Amino acid sequence: MFDNAYANLILDVDSYKASHFLQYPPGATHISSYVESRGGAYDGVLFFGLQAWLKDALTRPISTADIDEAEEILVAHGEPFNRAGWEAIVARHGGLLPLRIEALPEGMIVPTGTPLVQISNTDPDTPWLVSYVETALLRAVWYPTTVATRSKAIQWIIKTALDRTSDDPDGQLPFKLHDFGARGVSSLQSAGIGGLAHLVNFMGTDTVSALLAGRRYYNEPMAGFSIPAAEHSTITAWGRDREAGAYANMLTQFGGPGKIVAVVSDSYDLWNAVNEIWGDRLRDMVRTNGATLVVRPDSGDPLTVPVDTIDRLAARFGTRVNGKGYKVLPDYLRVIQGDGVNERSIRHILDRLERLGYAADNIAFGMGGQMLQQINRDTLRFAMKASAIRLDGRPWVAIAKAPKTDPSKASKAGRQAVIERDGGVAVLREEHLDGARNLLQPVYENGVCAPFVNFRTVRARASFGTIHAQ
């Protein structure tokens, strides 16, 4: 799905790394590095996405044509080129990278500061290769993991509101946060793997490329679901005088028992749409159509407009009181807020609804660029650092950075291990395992991937544990 002009793995690199094969000390045979979140916006991370990179990038051998292209570009670019090193990989390993990559199980939630991935070379002539792939590997981990983590943190916010106010919190939760982010990301690849990362926690999406990523990388026939929905063009095309006709057409075309249809209702005047069109002229149609109408406000203050929309709909259509004492709109009527949605606004809206006596059942959320684009590597301070080296065939020697000007950037020393302890995890050096099982298990070695995990397994793992915004 994502094959393109950038498919040459030798060129998926920061420029300066092309010079690193000349920088390691004499006698260096092996390097070991790890990837972690050093902290940041959340108190934990939901690890996801490495498998997609392994399948896309590391199962395709490097070719002589790749080497020729990389040499031409990097030398002209001003960097030295390790042609002998790459040619040796083709000759000895069939172009498959002589690396060993270990990782936590995808879908696992761990505290920040826990190594998620560990990588070392298997050919003693290629210690330079470990750092060379950092650019691609780190990006393959930080982006989907950060999206999955943010989505998980929001899931907790919504779940706690449902637990307090809803009779069916578990049934409601999977469709309470919908991905609207496909148009707001920088690339098709981001939409696919980022959209799939969100679907680890929820079931609603309008990002079709996420469905393709689920099929290609995680053996998931259908990772998420959507419904027919209006946009402003399909409403304004009818003209202002026929706004009610546009709304009625949505119910006629997509309504019926068991159906759900969303209609953006603020192309002109949201309050007129709620009070006079939905709440008066089309009220009987809404009540008898059989479908669930989801009214979508799309402008104004996102902290107040969706709550006021629910309040006005309640005045026109009535409510029932559930078993926890909170008001719920009729089953044929709901609201979705897709503008200005983030952790803060979701929490504020749900809190305000609760204070007014409304259950969280009444509302769902759509999140676009805030979910898939308004994050970066520093959201969770992701880094890949070398932690051990072997010289002249001797055992591993621990190495680390310890910058005096910023102790928070100090790295871990030695080969890393993660073990289960006291209901959580603990990080220690590999030599201190003492028979305990290292959760960092091989997922790739010398061109061979471990059996791929399916998406249902990832979802099941992610269902254990919570993540909170800091």
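The present account deals with the structure reproduced in this document.

Here is what the cut-offs are and how they apply
Residues numbered from 1 in each chain as written. Predicted model: local features only at pLDDT ≥ 70, side-chain atom pairs only at ≥ 80, totals over all residues. Heavy atoms only, no water. Helix = DSSP H or I, 4+ residues; strand = E, 2+ residues; numbered from the N terminus. Buried < 20%, exposed > 50% of the residue type's maximum accessible area, 1.4 Å probe, protein only. Contact = heavy atoms within 4.5 Å. Areas by Shrake-Rupley, 256 points an atom, 1.4 Å probe, with all protein chains shown as cover. Lys, Arg positive; Asp, Glu negative; His and termini not counted. Charge placed at Lys NZ, Arg CZ, Asp CG, Glu CD. Core = buried A, V, L, I, M, F, W, Y, C linked by side-chain atoms within 4.5 Å. Patch = residues over 30% accessible without salt bridge, like charges linked within 9 Å, V, L, I, M, F, W, Y side chains within 5 Å. Salt bridge = Lys/Arg side-chain N within 4 Å of Asp/Glu carboxyl O. Expected span 1.5 Å × (residues − 1). Pairing = 2+ DSSP bridges. Axes fitted to C-alpha atoms, helices over the stretch in contact; angles between N-to-C directions.

Bringing the overall build of the chain into the picture now. When you go through the chain residue by residue, the secondary structure sums to 16 helices and 19 strands. Taking the principal axes of its C-alpha atoms as reference, the chain extends roughly 85 × 50 × 40 Å. The buried share of the chain, taken over its 470 residues, is 53%. Taking the contacts inside the chain whose residues are at least 6 apart along the sequence as the reference set, 76% of them involve residues at least 24 apart. A total of about 19800 Å² of accessible surface is found on the chain, and carbon and sulfur atoms cover 51% of it. Each charge class in the chain can be summarised by its mean position, and for the 49 positive and 52 negative side chains these summaries are 4 Å apart.

The biggest cluster of nonpolar side chains holds 129 residues, and the ones touching the most others in it are Phe48, Leu50, Trp53, Trp86 and Leu97. Here the element with the most residues in this core is helix α5 (residues 134-165); it accounts for 15 residues. The next biggest cluster of nonpolar side chains, apart from the first, holds 5 residues, and it includes Ala417, Ile419, Ala426 and Leu433.

A contiguous nonpolar surface patch, about 270 Å² in accessible area, is contributed by Phe175, Met222 and Phe225. Considering the arrangement of structural elements, one finds phenylalanine 175 in the loop between α6 (169-172) and β6 (177-179). Of the residues examined, phenylalanine 175 reaches a relative accessible area of 43% and is grouped as partly exposed.

A separate point is the environment of alanine 65. As for its position among the elements, alanine 65 is in helix α2 (residues 64-77). Of the residues examined, alanine 65 reaches a relative accessible area of 52% and is grouped as exposed. C-alpha separation for the pair alanine 65 and asparagine 8, spaced 57 residues apart in sequence, amounts to 9.3 Å.

It is generally the case that most residues other than glycine have a negative phi and that most peptide bonds are trans. One non-glycine residue, arginine 381, lies in the positive phi region at around 50°. Among the secondary structure elements, arginine 381 is positioned in the loop between α15 (369-372) and β14 (382-391). With phi around 55°, aspartate 422 is a residue other than glycine that occupies positive phi space. Along the chain, the position of aspartate 422 falls in the loop between β16 (416-421) and β17 (424-429). Residue classification places aspartate 422 among the exposed positions, given a relative accessible area of 80%.

Let us look at α5. In this model, α5 (32 residues) spans 46 Å end to end at C-alpha, consistent with the 46 Å of a helix rising 1.5 Å per residue. Within α5, 26 of the 32 residues are buried, which leaves it mostly tucked inside the rest of the structure.

Let's shift gears to the pattern of salt bridges. Pairs can form between side chains of opposite charge whenever their charged atoms are close. The tally for this structure, following the rule as stated, stands at 25 salt bridges. Between glutamate 102 and arginine 415 there is a salt bridge, with its nearest N and O atoms 3.1 Å apart. Highlighted residues: glutamate 102 in strand β3 (residues 99-103) and arginine 415 in the loop between β15 (397-398) and β16, separated in sequence by 313 residues. Arginine 415 shares its class with glutamate 102; the two are buried. With a shortest N-O distance of 3.8 Å, arginine 456 and glutamate 220 are connected by a salt bridge.

A sheet is described by the order of its strands in space; here 7 strands give the open sequence β15-β14-β1-β5-β3-β18-β19, paired in antiparallel fashion. The outermost strands of the open sheet, each flanked by one partner alone, are β15 and β19 (448-449). Note: strand β18 (residues 441-445) against β19, 2 bridges, orientation antiparallel. What sits directly across from tyrosine 444, in β19, is cysteine 449. Strands β3, β5 (117-121), β18 and β19 of the sheet are contacted by helix α1 (residues 50-58), whose axis makes an angle of about 160° with β3. α5 rests against β1 (28-37), β5 and β14 of the sheet, and its axis sits at about 140° to β14.

The subject of this paragraph is the sheet that holds strand β9 (residues 292-296). Strand order in the open sheet formed by 6 strands is β7-β6-β13-β12-β9-β8, with parallel pairing between adjacent strands. Of all strands in the sheet, those with a lone pairing partner are β7 (204-205) and β8 (260-264), marking the two edges. Where β9 and strand β12 (residues 333-337) come together, 3 bridges link them in parallel fashion. Within β12, the residue paired with leucine 293 across the bridge is leucine 333.

With that settled, consider the pairing of β16. Bridge count for β16 against β17 is 6 bridges, and the pairing is antiparallel. When the sheet's bridge partners are listed, valine 418 is paired in β17 with valine 427. Hairpin connection between β16 and β17: a loop of 2 residues separates the two successive antiparallel strands, and aspartate 422 in this loop has a positive phi of roughly 55°.

This part covers the pairing of β3. A large share of β3 lies buried, amounting to 4 of its 5 residues. Note: β3 against β5, 5 bridges, orientation antiparallel. Along β5, the bridge assignment pairs alanine 103 with valine 117. The pairing of β3 with β18 spans 4 bridges and is classified as antiparallel. Residue pairing in the sheet places isoleucine 101 in a bridge with tyrosine 444 of β18.

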